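Here are the chains, one letter per residue:
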Amino acid sequence: GMAQDNVSVATFNVLAPCYKYVAGEGTGAPRTEAEDRAAYLRRHGEVARLLRRLGADVVCLQEAWPGPGMFEVYREELSEHSIHYLPRSSGREDGVAVLVHRSVTVEEVIPLVFNDIGDRVALFLKLRLKNGNRVLLGNTHLTFPHNKFDKDVLRVEQIDRVLRFTVDHVGRDHALAGVLLAGDFNSYQGDRVYKRLTDESWTSSYAAIHGSEVQVTHLNHRGECVATDFVWVAPGSFITPIAAALHPVDIPDDRFPTVEEYSLSDHRPLLCSFSVAAK
């Protein structure tokens, strides 16, 4: 049979320039970083360099933004990776991207467009690892719970769409070793999306490694410190988490770093490693 494979996956919401507000001069409309090309290319250059240092085989980005010069920055720093991008529906400015190292073969790229009120998407890739083991990997960014409808209805519908898609796919492709689902779930331990995943026997990689869930990955626009970023393993997968770390690793996971410590995004990247056994 096949030898086992190892694969590492980073998930990182990189804060699209169109959503990063910067202090404007005097009065007037709030300005975004999108208007300052030098600023966003500088910040995203640093993001891309951090990702290169992390050395992940697969990088899942949320709030990927195709503004002038942006993907070039990632191509330059992560020159061994191919970039697969899916914009959000109905003309929103950002989307999700998956960057895959050339040691991993991309067999198929499958976009999932929710066509819902949140304009959300998920991007799935069928990957063949070095030793031939195959996995289905998804990257998504669920709606921020602005209100009770978002929180209790829309986001649960979104995660259900994703779960149905993975179940259908695994049912049709029996040779898959399993499924990994990364992203910004705008969800935290104990809420309905998190509970739906654990009720369906999905495993949070960080919780599996550390014995308790990550505490803070994101400082949201309301000033709340929350954990929204996860890499999940589907039930029945021949995939075992072997490491999980929030970066920068010298800052504990129970608080969001100060601006002096870290200013690349309003999220921190999560890097997880897995062993994938032959099915």
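Residues numbered from 1 in each chain as written. Predicted model: local features only at pLDDT ≥ 70, side-chain atom pairs only at ≥ 80, totals over all residues. Heavy atoms only, no water.

(A) Spatial organisation of empty space enclosed by the protein. If you walk through the whole model with that rule in mind, you get one cavity of 30 Å³ or more. Of the voids in this model, the largest cavity is the one considered here, and its volume is about 30 Å³. The wall of the largest cavity is formed by Glu 63, Arg 88, Asp 94, Gly 95, Val 96, Arg 120, Val 121 and His 141. Of the residues assigned to the lining of the largest cavity, the class counts are two nonpolar, two polar and four charged. (1 Å grid on protein atoms, 1.4 Å probe; cavity = no way out; pocket = protein on both sides within 12 Å on 5 of 7 lines; lining within 4 Å. Points joined across faces, edges and corners; volume = space filled by probe spheres on them. Nonpolar A, V, L, I, M, F, W, Y, C, P; charged D, E, K, R; others polar.)

(B) Main features of the sheet that holds strand β14 (residues 229-233). Taken in spatial order, the six strands of this open sheet run β7-β8-β9-β10-β14-β11, and their pairing is mixed. A single partner strand is all that each edge strand has here, and the edge strands are β7 (105-113) and β11 (203-204). Of the strands in this sheet, β7, β8 (121-128), β9 (134-141) and β10 (178-184) are in contact with helix α3 (residues 148-172), which crosses β7 at around 140°. (Pairing = 2+ DSSP bridges. Helix = DSSP H or I, 4+ residues; strand = E, 2+ residues; numbered from the N terminus. Contact = heavy atoms within 4.5 Å. Axes fitted to C-alpha atoms, helices over the stretch in contact; angles between N-to-C directions.)

(C) Representation of the layout of surface pockets within the structure. One number sums up the size of the largest pocket: a volume of about 820 Å³. Residue lining of the largest pocket: 34 residues in total, with Leu 15, Glu 63, His 218, His 221 and Asp 266 positioned closest to the centre. Counting only elements with at least two residues in the lining of the largest pocket, the list comes to α3 and β12 (218-219). The residue inventory of the lining of the largest pocket, partitioned by class, reads 11 nonpolar, 13 polar and 10 charged. Reported here for the second largest pocket is a volume of approximately 250 Å³. Lining the second largest pocket are 18 residues; nearest its centre among them are Thr 166, Val 167, Trp 202, Ala 234 and Pro 235.

(D) The side chain of Glu 33, seen in detail. Along the polypeptide, Glu 33 turns up in the loop between β3 (31-32) and α1 (37-54). Here Glu 33 is in contact with Pro 17, Lys 20, Val 22, Ala 39, Tyr 40 and Arg 43, once residues within four sequence places are set aside.

(E) Quick look at the environment of Tyr 40. Its location among the elements puts Tyr 40 in helix α1. According to the relative accessible area criterion, Tyr 40 is buried, its value standing at 2%. Each C-alpha atom of the pair Tyr 40 and Pro 17 lies 6.3 Å from the other, and the pair is 23 residues apart in sequence. Ignoring sequence-local partners within four residues, the contact set of Tyr 40 consists of Pro 17, Glu 33, Ala 34, Trp 65, Gly 67, Pro 68 and Met 70. (Buried < 20%, exposed > 50% of the residue type's maximum accessible area, 1.4 Å probe, protein only.)

(F) Structural view of a nonpolar patch on the surface. A cluster of nonpolar side chains, namely Ile 117, Phe 149 and Val 153, defines an oily patch on the protein surface of about 280 Å² accessible area. Looking at where Val 153 falls in the secondary structure, it is placed in helix α3. The exposure class of Val 153 is partly exposed, given its relative accessible area of 32%. (Patch = residues over 30% accessible without salt bridge, like charges linked within 9 Å, V, L, I, M, F, W, Y side chains within 5 Å. Areas by Shrake-Rupley, 256 points an atom, 1.4 Å probe, with all protein chains shown as cover. Salt bridge = Lys/Arg side-chain N within 4 Å of Asp/Glu carboxyl O.)

(G) Spotlight on the packing of aromatic side chains. Tallied over the entire structure, the rule returns eight aromatic pairs. Between Phe 71 and Tyr 85, the ring centres sit 5.2 Å apart and the planes meet at 70°, which makes this aromatic pair edge-to-face. Here Phe 71, found in helix α2 (residues 70-77), pairs with Tyr 85, found in strand β5 (residues 81-87); they are 14 residues apart in sequence, far enough to count as distant. We classify Tyr 85 as partly exposed; its relative accessible area is 24%. Judged by centre distance (4.3 Å) and plane angle (35°), the ring pair of Phe 124 and Phe 165 falls under tilted. Here the residue Phe 124 occupies a position in strand β8, and Phe 165 occupies one in helix α3, the gap between them amounting to 41 residues. Taken together, the ring pairs in this structure connect Phe 185, Tyr 194, Phe 230 and Trp 232 into an aromatic cluster. (Phe/Tyr/Trp six-rings, centres within 6.5 Å; stacked < 30°, edge-to-face > 60°.)

(H) Layout of unusual backbone geometry. A cis geometry characterises the amide bond from His 247 onward to Pro 248, with omega recorded as -10°. Phi at Asn 115 takes a positive value of approximately 50°, unusual for a residue other than glycine. Within the secondary structure layout, Asn 115 lies in the loop between β7 and β8.

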